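The primary structure of each chain is shown beneath.
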There are 2 protein chains.
Amino acid sequence: MSSQLENTFHSLKQAQSRLALENRAAKDKALAAAAAAIDRDRSDILAANARDVEKARSGGMKESLIDRLLLNDHRIDDIIEGINIVIRQEDPIGKVRAGWTLPNGLALEQVTVPLGVAAIIYESRPNVTADCAALAYKAGCSILLRGSSSALESNKALVRSIKAGLAEGGGIAGTIALADSGSRDEVDIILQARGWIDVVLPRGGKDLIRRVVENAKIPVIETGEGNCHIYVEPSADMEQAVEIIANAKLQKPGACNAVETLLIHQDALACLMPKLVARLAGKAELRCDAPAKAAIGIPPAGLALKDATENDWATEFLDYILAVKTVNACDEAITHINRYGTKHSEAILTGDLRAAEQFRRGVDAACVYVNASIRFTDGGVFGFGAELGISTQKFHARGPMGLEALTTIKYLISGCGQIRG
Amino acid sequence: MSSQLENTFHSLKQAQSRLALENRAAKDKALAAAAAAIDRDRSDILAANARDVEKARSGGMKESLIDRLLLNDHRIDDIIEGINIVIRQEDPIGKVRAGWTLPNGLALEQVTVPLGVAAIIYESRPNVTADCAALAYKAGCSILLRGSSSALESNKALVRSIKAGLAEGGGIAGTIALADSGSRDEVDIILQARGWIDVVLPRGGKDLIRRVVENAKIPVIETGEGNCHIYVEPSADMEQAVEIIANAKLQKPGACNAVETLLIHQDALACLMPKLVARLAGKAELRCDAPAKAAIGIPPAGLALKDATENDWATEFLDYILAVKTVNACDEAITHINRYGTKHSEAILTGDLRAAEQFRRGVDAACVYVNASIRFTDGGVFGFGAELGISTQKFHARGPMGLEALTTIKYLISGCGQIRG
């Protein structure tokens, strides 16, 4: 292990054991001071970000990625508001989740405690730096931030402000560290840090997540991959269905909670397809199976239309492309989703109570919607303040992750001399 | 992947998706029939076990291990009672853990659902086979059982009975499978089964656990390693302290929740040590630091006494050996425990409220006791019926694991046409 990172692990762990003893008022006060420090230092942060952006642009980075990297006054305000939302969240620590007394009089309590030291390995958005730092602090955890090299100057400036603010607010600045060597080895060292890091969260593209999952010797929470579906029944409100599908496809097609495949009951094709193509023509490409294609009738001007292939069912397009498949029944839709989906966000649009219930029970996913857009799967929207990411695994945390994902439990057992017979 | 195991994974997954839809009454009825089948088939099970025991004995297995392997009528009764306790447990599935409504009217519920397919890799005790099968079934999970080759005949007979019983009770027998090829490759294949197995639980010695942790590409719950402490303050009831220490050391020294190191406040030495050595002389070896040794005075006849070494603090003896270390204050005890302990079960014996509170907050362990023996850390004792094992990790499950460890959550979101703005 590189001695520099080893020192970082050690100091994060020590700082965390002190933070674990802080009460809510102390944590909130330190976070408020961190938010104030970001506000005060905003010109330094924007200047650092401008250096990152300039370097990225001269390196030929795509404008859509540069937009993710870019900070401005408005985005700094959002970062500060994110910290304020975390401050307003309940303390996730010290909750008594259950308690009971054994026949011999031993009193048991199951209470929430901080998970320990978290690491996050993420791509270019600098707001993730502040969001995750704030969530970790509120949950009593230390956090090692490993952002992308393209955002290094921005992250350095943000972390400098946050740490200065925490210290000014009487908090424990040593709970936050930025892994800033920029080397790829750094990631491997983090992934091997058994005994030092309690969880690693990869947040970014498929390749990053796969690399982390395959190499980690510490617990991982997988995030983000979303091959999501909307299934439309004949009893759905078709006007509403068209708007929900358009929202789920067009509002932010690069998001993990955008729709990728539309499943349509055969008896809904004739009613839905003409309305849908009218709404999506010129906005999204459709890849249809034969019955869906036949139901379109005369295609409107500007409709991009292809035949769907088997491969389309398994693809997260992250683009203005929608695959369309016809099914004969709700259970066929459920089977398709459980086969091709990534267990992220799935919706049924229906007026039929039995179908809604069957879908809710049968679909194995973090978030199962009835008659709404799947774009709502988001920690901020769910009310968690910021989010650490959206877990697509079933282990430890599932769906949008806020403070609770950074907690574990401890049993406190109180006796008066009991021994085991 | 070997095609036989691949088929097993496939059928476990399919069966689990059906079991997930069963209600409590159906699951309990099937489990009751499994218990009845074990009762009916007890002569076959005992005959199969006799073959295992004979083979183990002729292979030179230690009597203590043969005792772990051995079944008799009384132990079969215990296995049946274990299933009955699981039947009486509440259904862990379908609990609404939280629910709220967003400003736009979307109604969210966080409900418990089965984790999916579990695998357990365990050593010779055949009761684990029935305990884990029953817990998994009640939690709506499939389970792959991979016992040791020494218990293969016993496990085959038990699994045959359980599956027959489940089928007779209208249940889904395909949710349970025994990995019975006996090859070591089998374990490696299980550990790589991403997408098929949702969690693997190693239950056995250190080497087994390390091998699983280092090789698994699927989530693991580590179990069992217990370097546990009792810390005695001057304000403790010393008669009670002696009995608690004796219980924690002598009642079952091979258990993971036995005490390994005793930490004594320097002001408690003079009062405690003479009483303690009188109680333990001839029963356990003491490995003392210098102040503790000095406090013994004239050693009673039969006292095995050695000087403690640094290595003793880090050792899980699993034997009639107790290391004894003197500390100057409660926070020194906490620091020692957090450095050398395995985060399993830790106790403070005290009459001082502030010390008790400091210890409960400061010690990072699954179970923190005040004034009681640490031997109570056990799923059965805690009231979970059987146990899957005792998690020594902080991720997903901590401490004794019952039904809850085999669950995850799903968000159910109900709308009336909401789209994201």
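Shown above is the structure to which this text applies.
Being a predicted model, the structure only gives us computed values, none of them experimental. (Residues numbered from 1 in each chain as written. Chains lettered and ligands numbered in written order. Predicted model: local features only at pLDDT ≥ 70, side-chain atom pairs only at ≥ 80, totals over all residues.)

## Some words on the pairing of strand β3 (residues 117-122) of chain A
Residue and element names in this part refer to chain A. To be explicit about the condition: Whether a residue is buried, exposed or partly exposed is read from the other C-beta atoms within 10 Å of its own C-beta, which are placed from the backbone; 20 or more gives buried, 12 or fewer gives exposed, and intermediate counts give partly exposed. Counting from the N terminus, the helices are the DSSP runs of H or I reaching at least four residues and the strands are the DSSP runs of E reaching at least two. Strands are treated as partners if at least two bridges between them are detected by DSSP. The handedness of a crossover follows from its direction of travel: if, with the strands pointing away from the viewer, the path from the first strand over the helix to the second runs clockwise, the crossover is right-handed.
Burial analysis of β3 places six of its six residues in the buried class, the great majority of the element. Direction of pairing for β3 relative to strand β4 (residues 142-146): parallel, over a ladder of five bridges. Bridged to Ala-119 within β4 is Leu-144. Once you follow β3 into helix α6 (residues 127-138) and on to β4, the crossover reads as right-handed. Two elements, β3 and strand β6 (residues 199-203), share five bridges in a ladder whose sense is parallel. Directly across from Tyr-122, in β6, lies its bridge partner Arg-203.

## Description of the environment of Ala-30 of chain B
Mapping Ala-30 of chain B onto the fold places it in helix α2 (residues 24-40). In this structure, the C-alpha to C-alpha distance between Ala-30 of chain B and Asp-237 of chain B, residues 207 residues apart in sequence, is 50 Å.

## Some points on the relation of the copies chain B and chain A
What counts here: To superpose the copies, least squares is applied to the C-alpha atoms of every residue with a pLDDT of at least 70 in both. C-beta atoms are first placed from the backbone for all residues, and any pair lying within 7 Å is then listed as a contact.
With an axial shift of 0.0 Å and an RMSD of 0.0 Å, the rotation relating chain B to chain A amounts to 180°. The symmetry that links the two subunits is that of a two-fold axis. Residues of chain B ranked by C-alpha distance from the rotation axis are headed by His-396 of chain B, positioned 1.9 Å from it. Comparing interface residues between copies, 100% of those in chain B also sit at the interface in chain A, which points to an isologous, same-surface contact.

## Looking at the interface of chain B and chain A
The condition that has to hold: Three classes are used: nonpolar for Ala, Val, Leu, Ile, Met, Phe, Trp, Tyr, Cys and Pro, charged for Asp, Glu, Lys and Arg, and polar for all others, with Gly counted as polar.
Taken together, the contact pairs 53 residues of chain B with 53 residues of chain A. Considering every element that reaches the side of chain B that touches chain A, the biggest residue donor is strand β16 (residues 407-418) of chain B, with 11 residues. Considered class by class, the residues forming the side of chain B that touches chain A number 25 nonpolar, 16 polar and 12 charged. One ladder, built from five bridges, connects strand β13 (residues 367-372) of chain A with β16 of chain B; its direction is parallel. What sits directly across from Val-368 of chain A, in β16 of chain B, is Leu-412 of chain B.

## With respect to unusual backbone geometry
All names here are of chain A. The phi angle at Lys-343 is positive, at roughly 65°, despite the residue not being glycine. Looking at the secondary structure, you find Lys-343 in the loop between α14 (330-340) and β12 (345-349). Positive phi, close to 55°, is recorded for Asn-371, a residue that is not glycine. Structurally, Asn-371 is set in strand β13.

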